[in-house]
Each structure stands twice: as structure tokens, then as C-alpha cells.
Amino acid sequence: MKKGTTYLTNSSVLVALLLLNLPAWAQFFISGKVSDADGGTLPGAAVMLEGTYKGTYTDVAGNFQLANVKPGSVSVKVSLLGYESQTQTVTLSQNTTIDIRLTKTAVAVDEVVVSATRANQKSAIAYSDVTRRDLDKLNLGQDIPQLLNFTPSIVTTSDAGTGVGYTGIRIRGSDATRVNVTLNGIPYNDAESQGTFFVDMPDFASSVSSIQIQRGVGTSTNGAGAFGASVNIQTNKLEANPYAETNASAGSFGTRKLNVLAGTGLLNGHFAVDARLSTIHSDGFIDRAFSNLKSFYLSGGYYGKKGFVRLNAFSGQEQTYQAWNGIPEDILKTNRTYNAFTYDNQTDNYQQDNYQLISSYELSKNWRANLSFFYTRGKGYYEEFKPNDSFSKYGLPNVIIGDSTISKTDIIRRKWLDNDFYGTVFSFDYNSYGKLTANIGGGWNQYQGGHYGEIIWARVAGNTNIRDRYYNDDAIKTDFNVYAKAFYQFSNRLNGFLDLQVRTVGYSFLGFNSQLQNVQQNANLTFFNPKAGLTYSFDDQSTIYASVGVGHREPNRDDYTQSTPASRPKPEQLLDYEAGYKLQTEQLAFTANLYYMDYKNQLVLSGQLNDVGAYNRVNIPNSYRAGLELEAGARLAKQLRWNVNATFSQNKVKNFTEYLDNYDNGLQEARQYSRTDISFSPNVIAGSQLLFTPAKGLEVGLLSKYVGKQYLDNTSNESRKLNPYFTNDIRLIYTLKPKFAKELAFTLLFNNILNELYESNGYTYAYISEGKVYADNAYYPQAGRNVLAGIRLRF
């Protein structure tokens with residue numbers, strides 16, 4: 001190569017590099033100050049560059065700075081709870097300073113009632129916020145867990161295989177019994193099982209304004225112990241203008257949904273009423289696994305300048321055909337829709353009515369008081385056909401006919417749950433509009449649960465009467481907690497938080513004593529749950545944080561009722577360490593979060609029979625979850641965005657003892673394991689949403705989800721596992737703004753377009769026979785390729 005040619009080539013490379021870096025040279029910063037109408041500083045206000053991922057918060061003096069902003073016309077949006085948001089557009093050709101004054105909202109806002117239990121930028125924990133707009137994109141009749149499927153570290157499942165009916169959620173491998181759920185700060189988990197049954201709230205997502213998911217111990221909240229995550233749901237959000245809306249959708253497996261929503265807006269500057277009526281039906285992917293779901297939501301409130309009071313009443317009624325048993329492994333290979341139940345009324349029937357009275361009042365410039373009361377009424381049953389069942393199971397004598405003694409017959413029974421759950425939650429929120437913000441709060445609730453069973457038919461009745469009760473068991477559980485949280489700004493870059501909670505649990509129930517007699521018993525527990533963290537901001541783009549928190553969780557109903565005081569398991573304890581890094585630029589938002597969740601006495605099934613002959617859960621001394629969560633949102637081009645997350649983890653039981661029933665000798669055999677995987681805890685979970693907007697109002701999305709291998713028990717046995725799966729959906733949304741309506745939107749959702757054959761849940765029973773170990777596995781397959789279409793019309 002000639003010297004001149006080499007020079008030209010090198011010059012071309014240099015020019016190219018200069019051109020690539022030219023935009024960086026032509027970037028400026030926007031600085032300013034945010035204050036109230038009287039000129040008082042407003043620290044903690046969110047400052048966002050609209051249309052980008054770039055944003056920051058004002059410091060203790062109300063100042064902010066956004067660096068490396070490209071020239072041209074940009075819009076700066078400033079928002080702060082309790083103040084009207086303001087957007088200011090500037091043409092940027094040099095470094096620019098702006099001053100923004102926010103005015104207080106004309107009436108109190110609903111968001112204040114959840115602020116005490118929600119995480120914020122100073123909380124130093126991992127959390128994700130899901131907006132109403134995010135929910136609307138997927139809300140075609142499927143349950144809330146399915147709508148959260150693409151948020152970090154989440155795995156969802158559905159008994160019927162369609163996301164309608166009984167659904168489940170796991171966060172970081174923790175199941176629903178370990179996930180605290182609140183509605184407007186009010187506890188929702190079932191007090192006894194500690195699980196959450198979203199099937200009892202059909203189409204509730206249509207009345208939700210936002211959801212926050214806190215992973216790990218999270219912040220102190222009300223209700224069940226947050227032992228893996230928290231899901232904080234808010235319904236109350238004042239709609240200032242009147243509206244009406246209807247949504248209709250239909251698709252595969254006879255799935256269809258119809259709802260109507262309406263609101264008055266703010267009447268006479270003070271009153272507002274919102275309402276919703278919904279119906280959902282699905283035949284289910286699994287044979288006969290239909291769901292008939294109905295619900296309503298009604299809310300009325302009075303709003304003043306300093307406070308408000310709001311009454312919510314919402315109800316859900318469900319009838320679902322049982323698909324609880326899954327599909328045996330040998331049948332799954334040839335029939336993925338198999339359902340062992342064939343009795344035509346093998347159904348679950350339940351209605352839950354919820355009432356919430358929510359109030360908030362500004363006591364002074366620095367103090368606000370929030371007080372809520374609630375009552376939840378639930379009643380229902382599931383009906384079962386039991387072929388050739390023993391009379392002795394029901395406390396009935398054998399039937400003698402002539403010379404024959406009949407000890408078994410076909411029976412239809414109903415198992416009832418009749419419960420009341422009521423209580424109060426409160427908080428006092430302090431904001432110095434300087435270095436210190438704080439919350440003092442708590443709650444008290446009591447659950448009264450009636451459990452009973454009825455025989456409604458028997459082929460050979462003997463001396464039984466219709467609706468004979470063969471068991472009757474009432475239980476009372478009382479829960480009380482108080483917490484205090486403080487956030488302190490040590491400097492413009494460093495802030496810290498301290499969160500202290502004391503929780504007490506009292507449970508009265510029918511259980512076994514040491515003589516194996518069924519008698520009323522009591523259990524009383526007290527937990528102390530401290531949490532602390534630090535957050536450091538390098539600039540308006542980069543932040544690091546670290547926290548440590550303690551959580552406790554009591555055993556559930558079965559752990560108590562199916563044991564004696566001697567074999568009763570201990571409460572679980574979790575020590576949760578979190579550390580992360582956040583980056584926000586115009587084109588990229590990125591978060592990396594490391595966690596180590598150290599469990600003491602975690603409760604698991606081991607196959608061991610306890611002293612009353614029950615396969616009860618047992619405490620394992622040491623286990624842990626350690627992982628890295630990555631989350632990013634990127635503007636790849638003007639019309640192309642990519643939201644992606646991935647979790648890489650190790651979830652281990654340090655030492656585990658499995659007990660196998662040995663059918664050869666009628667005894668149990670113990671087997672020892674070390675460093676096995678915790679059941680239902682995949683090492684890799686990833687979600688992706690690639691969103692393309694080729695034309696105004698049109699969005700095309702490719703939604704992908706990968707879930708790694710999961711084990712059905714804690715032995716890491718390859719013969720007892722769920723295979724990894726990778727699903728892909730395509731979503732099309734076309735939104736119009738016609739003259740006759742505010743919005744007309746069409747949604748088309750192609751689920752599992754590659755027809756992935758996968759199972760998202762299952763269970764196993766291992767035993768020894770003829771000297772060999774066998775495992776009976778059952779699985780819950782999910783639907784293959786299917787479609788849902790919907791239309792939304794809003795006036």
C-alpha cells in the first residue's frame with residue numbers, strides 16, 4: 001500500500017470517529033430549581049426529560065441538573081405527590097437554567113394512602129412500577145399474574161392453561177404464600193393459607209391505576225409477612241373529568257370478556273363516583289376446565305383541599321371446573337388436555353365481597369394522617385364426587401342390608417369456607433421538605449374462618465341426611481403490626497433509610513394435642529423486622545444502593561392443624577441483602593441488582609410423616625437464594641424500543657433429608673442430600689418486549705419469556721423436574737382518536753406463536769417398591785398457539 005493511501009485511510013477513520021462523537025460535543029445541561037407557589041423549596045420532585053429515559057430528583061435545596069442533553073426542542077416534566085405536574089419546553093442551544101413553580105393540587109390525591117408502604121428512589125431495594133397503561137395493553141380477560149408476566153423474576157402458571165381461572169405467581173422462586181399483597185395499603189392475602197386467590201377478583205385489573213412489585217423483603221407493609229416479595233395494588237385515583245368506557249374481547253378456548261366502566265369526574269369540585277361491571281368466561285385449555293367469572297367495582301368519594309374520604313365496594317363471583325390434579329406424566333405424552341374429573345358439577349364456587357373506607361387528611365404542612373377500615377366477606381364451597389369412599393371417613397357407621405355389610409359407597413360432598421376478615425390500617429406521614437421524611441404506621445386485623453363439610457348425596461345413604469356435616473372447624477387469627485420509617489438526606493448525593501417493624505400474630509384453631517385428640521389450640525408469635533439501606537448518586541445518571549432487611553413468616557393453617565405442639569414447625573426467618581446500580585440516559589435505562597436471601601427454618605415438604613400421620617412441612621435449617629437481576633429499557637431507534645430483563649440465580653438447600661414411603665416393608669426410608677436446588681426455582685428467568693411503532697397509533701410488539709429448568713422437589717432429581725421453556729407472543733395495538741370518542745383501540749394478541757409445548761407447574765410423589773425408587777409426577781400444561789382480540793372504546 002502506498003504511503004498516500006495509508007494516510008487517506010487513516011484520515012477517513014479519524015473523520016468517521018469525529019463524526020460519531022460530534023453529538024457528544026454538542027450536548028448541554030439543563031439546571032434549575034423547583035419551588036412551590038410561595039417560593040418554598042421542593043426537594044424530591046421528579047424531573048424527567050419527556051420521550052427519553054433521562055431523569056433526576058431535586059436535592060434538599062430544590063435544585064436539579066440534567067447533563068448531556070442533545071440540542072433542540074426538549075420538554076422537561078416535573079412532578080411531586082400532592083402538586084400539579086408541570087411541563088416546560090425549552091429550545092436548547094446552550095447550557096440553560098429554568099425555574100419551575102408547582103401549585104398544590106386543588107383537592108387531595110389518592111396516591112398518598114399508599115405512599116407509606118411503597119418504595120421510592122431512596123428505598124435502596126429492587127422494585128418495579130406497573131402503570132394502568134401497561135396493564136391495558138395485555139388486559140383481555142387474563143388474571144393479574146399473567147399481566148405481570150414480563151416483569152423481572154416472575155414465573156406464572158394457570159391450572160386451566162389459559163390464564164383465566166385459578167392462576168399462580170412466583171417471584172424469585174417464592175410462591176404466592178410468601179408474597180405480600182395489599183389493595184390500597186389494605187392486606188389481601190388469605191389469613192390462614194397466606195396465599196392470594198386472584199380468581200376471586202375477576203377483571204380487577206380494569207380498576208387498577210398502578211401496581212408496585214417489591215422483590216425481596218421490601219419495605220414494611222400490612223398483612224402477611226413479605227417473605228419473597230410484595231405486590232402493592234392501588235385502585236384509587238381521582239378522575240377529574242367524567243368518562244365512560246367499554247372493553248370487549250374474545251378468542252381461543254371460548255374465552256370472552258365484557259366490561260363497562262363509568263365515572264362522574266369531580267362533581268361540584270368535591271364528589272366523584274366510579275363504577276365497573278364485568279363478566280369473563282373461558283372453556284379452558286384443559287378438558288372441562290371452564291371458568292364463569294363476574295365482578296363489580298363501585299367507589300364514591302368526597303375530596304377537599306386538605307383531605308378526602310372514599311368508600312370502595314367490590315365483589316367477585318367465580319365458578320370454575322376443577323383442574324387442580326394436573327395430568328399424570330404417562331398420560332401427558334398422548335393427551336395434553338386430560339382431566340381426571342368427569343362429574344359434571346366438580347366445581348369450585350365462591351363469592352368474595354370487599355368494603356374499604358379510606359381517608360386522608362393534611363394535619364399541617366409537614367404532617368398527614370391516613371386511616372382506613374376494611375371488611376371482607378367470603379363464602380363458598382367446592383363440590384366433589386368421591387367414588388367408593390369409606391363411611392368411616394365421614395364418621396358414619398357401616399350400612400347393613402340383610403346379611404351384607406357395606407363399608408363404602410359413592411358420595412358427593414361439599415367442603416365449605418365461610419369467613420370474615422376485618423380491620424384497620426393507618427399511617428402518619430412526615431415531610432420536612434428538607435432532609436427528613438418519615439412514616440409511622442401499622443394495622444390490626446382479625447380473620448374468622450368457618451370450615452365445614454357436607455354430604456349432599458350418597459348412593460347408599462344408610463341413616464345419613466342431606467347436608468349432613470361430617471366436620472366443623474372454626475378458626476380465629478389476629479394480626480397486629482406497627483412500623484416506623486425514616487429517610488434522611490445526608491448530602492446532595494447520599495441518603496439513607498431505616499425501617500423498623502414489630503408484628504404479632506395470634507391464632508386459635510382446632511388441632512391435635514399430644515394424645516392425638518382434636519382440641520382447640522392457640523399459637524402466639526412476635527416478630528421484629530428491621531431494615532436499613534443507603535443510596536448514593538454520582539450524578540443525574542448513575543446511582544448505587546445497598547440494603548439489608550429481616551423478614552419473618554408464621555406457619556400456615558395446615559402446618560398447625562395437622563401437627564401436635566411437639567411436631568409443630570417453627571416460624572421462618574429471612575435475612576435479605578440487596579445491592580444495585582442504576583443508569584439513566586436519554587436512550588437507555590439500566591438496572592443491575594444483586595441479592596442474597598439467607599433463610600433460617602424455611603418450610604418445605606420432605607415426605608416425612610409426622611406424629612399424626614400427615615405429610616406436613618418441616619423446617620430446614622439453612623437455605624438461600626442468590627442472584628443477579630438485570631433490567632433495561634432502550635430506544636434502539638425513534639420507532640423501536642426494547643424492554644428486557646433477566647435473572648440469573650442459585651437457589652440452594654444446604655442439607656436436605658428426603659423421606660420415602662417403602663411399600664416393601666411399610667416403613668419410611670431417609671436419604672441425605674447436600675446443596676440441592678430449592679423446588680420451583682429456575683436458575684434463569686428472562687423477559688423481553690420489543691416494541692415497534694411503524695405508524696401513528698400503531699404498536700407491534702414481540703413478547704418473549706424464557707424460564708429455565710425447575711425441580712418438583714428439593715432433591716435435584718432429573719426424573720422430577722419441569723423442562724425449560726421459551727414462549728413468544730405477538731401483540732398488535734392500533735389506537736384511534738375519532739371525533740365521537742376520546743379513544744378507540746384494537747388489540748390482537750397471538751399467544752405462543754411457535755406452539756411451545758410446556759408445563760409451568762407440577763408436583764411429585766416418590767416411593768420405594770421392589771427395592772427401586774419410583775416417582776409419580778403430575779404436570780399442568782399450558783395452552784399452545786392461541787389468539788385473543790379486543791376492542792376498547794372510551795368516551
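Conventions used here
- Sequence order as written defines the numbering, with residues in each chain counted from 1.
- Note on the predicted model: pLDDT of at least 70 is required for a residue's local features to be given, and 80 or more for side-chain atom pairs to be given and counted; whole-chain, interface and lining totals, by contrast, use all residues.
- Only hydrogens and water are removed before side-chain values are computed, so all heavy atoms of the structure are retained for them.
- Only buried Ala, Val, Leu, Ile, Met, Phe, Trp, Tyr and Cys residues count toward a nonpolar core, and they belong to the same one when joined by side-chain atoms within 4.5 Å.
- Each residue is assigned to one of three classes by its accessible area relative to the maximum for its type, calculated with a 1.4 Å probe on protein chains only: buried under 20%, partly exposed between the two thresholds, exposed over 50%.
- Secondary structure elements follow DSSP: runs of H or I no shorter than four residues count as helices, runs of E no shorter than two count as strands, and numbering proceeds from the N terminus.
- Whether two residues are in contact is decided by their heavy atoms: any pair within 4.5 Å suffices.
- Only the six-membered ring of Trp is used, alongside the rings of Phe and Tyr, when aromatic pairs are assigned; centres must lie within 6.5 Å, and planes under 30 degrees apart are stacked while those over 60 apart are edge-to-face, with the rest tilted.
- Two thresholds decide whether a charge sits over a ring: the Lys NZ or Arg CZ must be within 6 Å of the ring centre and within 35 degrees of the ring normal.
- Polar contact is the term for a pair of N or O atoms within 3.5 Å; when the atoms are in protein, one must be able to donate a hydrogen and the other to accept it, and sequence-neighboring residues count only if both atoms are side-chain atoms.
- For this document, the term salt bridge refers to a Lys or Arg side-chain nitrogen within 4 Å of an Asp or Glu carboxyl oxygen.
- Pairing between two strands is assigned when DSSP locates at least 2 bridges connecting them.
- Axis definition: a line fitted to C-alpha atoms, limited for helices to the stretch in contact. Angles are taken between N-to-C directions and run from 0 to 180 degrees.

J.: So, the nonpolar core: which residues are in play, and what are the values?
T.: Within the largest apolar cluster, 30 residues are counted, with the highest numbers of intra-cluster contacts made by Ile144, Leu148, Ile171, Phe204, Ile211 and Ile233. Listing elements by their share of this core, those giving two or more residues are helix H2 (132-138), helix H3 (144-147), strand S10 (167-171), strand S11 (179-183), strand S13 (210-215) and strand S14 (229-234). With residues near it in sequence (within four places) discarded, Leu148 still touches Val130, Leu135, Ile154, Ile169, Ile211 and Ile213. Of all hydrophobic cores here, the second largest spans 20 residues; its members include Ala45, Val76, Val78 and Ile98.

J.: Explain the pairing of strand S9 (residues 154-158) to me, and be specific about the residues and the numbers.
T.: With five of its five residues buried, S9 lies for the most part within the structure. Covered by surrounding structure in S9 are Ile154, Thr156 and Ser158 together with Val155 and Thr157, the residues of both alternating faces.

J.: Residues and numbers for the side chain of Arg276, please.
T.: Following the sequence through the fold, Arg276 ends up in strand S17 (residues 271-282). Judged by its relative accessible area of 4%, Arg276 falls in the buried class.

J.: I'd love a proper account of the packing of aromatic side chains, names of residues and values included.
T.: Under the counting rule described, the total for this entry stands at 36 aromatic pairs. Arranged with centres 6.0 Å apart and planes meeting at 80 degrees, the rings of Tyr166 and Trp324 form a pair that is edge-to-face. With a gap of 158 residues between them, Tyr166 in the loop between S9 and S10 and Trp324 in the loop between strand S19 (307-321) and strand S20 (327-328) connect regions that are remote in the sequence. An angle of 70 degrees between the planes, with centres 5.1 Å apart, marks the rings of Tyr488 and Phe490 as edge-to-face. The class for Phe490 is partly exposed, based on a relative accessible area of 46%. Joined through ring pairs, the aromatic side chains of Tyr166, Phe197, Trp324 and Tyr382 make up one cluster. The aromatic ring of Tyr452 is capped on one face by Arg469, whose charged end is 3.6 Å from the ring centroid.

J.: Give a description of unusual backbone geometry that names residues and reports values.
T.: For Arg172, which is not a glycine, the phi torsion comes out positive at approximately 55 degrees. The topology assignment puts Arg172 in the loop between S10 and S11. Residue classification places Arg172 among the buried positions, given a relative accessible area of 3%. For Tyr433, which is not a glycine, the phi torsion comes out positive at approximately 50 degrees. As for its placement among the helices and strands, Tyr433 is situated in the loop between strand S25 (408-431) and strand S26 (436-458). Judged by relative accessible area, Tyr433 falls into the buried class, the value being 17%.

J.: Describe the side chain of Ser508, naming the residues involved and giving the relevant values.
T.: Relative to the assigned elements, Ser508 resides in strand S28 (residues 494-512). Given the relative accessible area of 18%, Ser508 is considered buried. Here the side chain of Ser508 touches Asn522 through a polar contact of 3.4 Å, side chain to side chain. In this structure Ser508 touches Asp474, Ala475, Ile476, Gln520, Gln521 and Asn522, once residues within four positions along its chain are discounted.

J.: Just give me the short version of the pattern of salt bridges, but keep the residues and values in it.
T.: In total, this model carries 41 salt bridges according to the counting rule given. Residue Arg310 pairs with Asp110 through a salt bridge whose shortest N-O separation is 3.7 Å. With Arg310 in strand S19 and Asp110 in the loop between strand S7 (96-102) and strand S8 (126-131), this pair connects stretches of sequence that are 200 residues apart. Here Arg310 and Asp110 have matching classes, each one buried. Among the ionic pairs, Lys477 bridges to Glu554, the shortest N-O distance being 2.7 Å. On the criterion of sequence distance, the pair formed by Lys477 in strand S27 (residues 468-489) and Glu554 in the loop between strand S30 (542-553) and helix H5 (557-561) is long-range, its members being 77 residues apart. Of the two residues examined, Lys477 and Glu554, each falls in the buried class.

J.: Let's hear about the sheet that holds strand S4 (residues 63-69): which residues, and what values?
T.: With respect to topology, three strands assemble into an open sheet ordered S4-S1-S7, the strand pairing being mixed. Either end of the sheet is taken by a strand with one partner, and the two such strands are S4 and S7. Adjacent strand axes in the sheet meet at a mean angle of 20 degrees when their direction is disregarded. Bridge count between strand S1 (residues 28-36) and S4: five bridges; the pairing is antiparallel.

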